[in-house]
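Now for the letters of each chain:
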Amino acid sequence: MVATIDALVERRDSESIEDLEKLFEKTKLSGVRAAALRGLSALHDGENSWVARLRELTASEDLDQRNTALAELGRLGRRDNELFLEKLSDPNWSTRLIALGALERLRDPLAVGPI
């Protein structure tokens, strides 16, 4: 499944966006979910509406969706320090760990204090 997603992205198949979104919403396999989000990010190519959607997903009640979206924002190098700092207080340890990793990748000196 992941190889198929990668192939769609490599071909820049924008017609597959809707299918990837459905896959992301329905799958329970975290590896497939992460690949779908990476694929969607590549196909949306940094569009503001896509980044806004990722931010919305970081508030999802579904832990895996929330964490996958947060990790994708961090992977994209988005300077969402406020969001990442906010997620350091999340009750779930895995969400806090992803937020910490994102802040580390950004190498923003202002984030050191709250960490």
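Residues numbered from 1 in each chain as written. Predicted model: local features only at pLDDT ≥ 70, side-chain atom pairs only at ≥ 80, totals over all residues. Heavy atoms only, no water.

Quick look at the packing of helix α5 (residues 63–75) against helix α7 (residues 93–106) now. At a closest axis distance of 9 Å, the pairing of α5 and α7 adopts a crossing angle of 5°. Relative to α7, the element α5 is oriented roughly parallel. In this structure, α5 uses L63, R66, N67, L70, A71, G74 and R75 to contact α7, whose residues at the interface are S94, T95, I98, A99, A102 and R105. (Axes fitted to C-alpha atoms, helices over the stretch in contact; angles between N-to-C directions. Helix = DSSP H or I, 4+ residues; strand = E, 2+ residues; numbered from the N terminus. Parallel < 35°, antiparallel > 145°, perpendicular 65-115°, else oblique. Contact = heavy atoms within 4.5 Å.)

Attention now moves to the pattern of salt bridges. If the charged atoms of two oppositely charged side chains come close together, the side chains can form a pair. Going through the model one piece at a time under the given rule, you end up with nine salt bridges. Two residues, D62 and R33, come together in a salt bridge whose shortest N-O distance is 3.3 Å. Placement of D62 in the loop between α4 (48–57) and α5 and of R33 in helix α3 (residues 30–44) is noted, with a sequence separation of 29 residues between them. The salt bridge involving E72 is made with R75; its shortest N-O contact spans 2.7 Å. With E72 and R75 both in helix α5 and three residues apart, the pair spans about one turn of that helix. The exposure class assigned to R75 is partly exposed, which follows from its relative accessible area of 46%. Connected through salt bridges with shared partners, the residues E25, R53 and E56 form a single ionic network. (Salt bridge = Lys/Arg side-chain N within 4 Å of Asp/Glu carboxyl O. Buried < 20%, exposed > 50% of the residue type's maximum accessible area, 1.4 Å probe, protein only.)

Turning our attention to α5. Look at α5: 18 Å from first C-alpha to last across 13 residues, which is about the 18 Å you get at 1.5 Å a residue. Taken residue by residue, α5 has Q65, R66, N67, T68, A69, L70, E72, L73 and G74 as its buried positions. Looking at the buried positions of α5, the neighbouring elements they touch are α2 (17–26), α3, α4, α6 (81–87) and α7. Sitting at the head of α5, D62 places a side-chain oxygen 2.9 Å from the backbone nitrogen of D64. Where α5 terminates, the next one or two residues include G77, which has phi positive at roughly 75°. (Expected span 1.5 Å × (residues − 1). Polar contact = N/O pair within 3.5 Å; in protein donor to acceptor, adjacent residues only side chain to side chain.)

In short, shape yes, function no, at least from these values alone.
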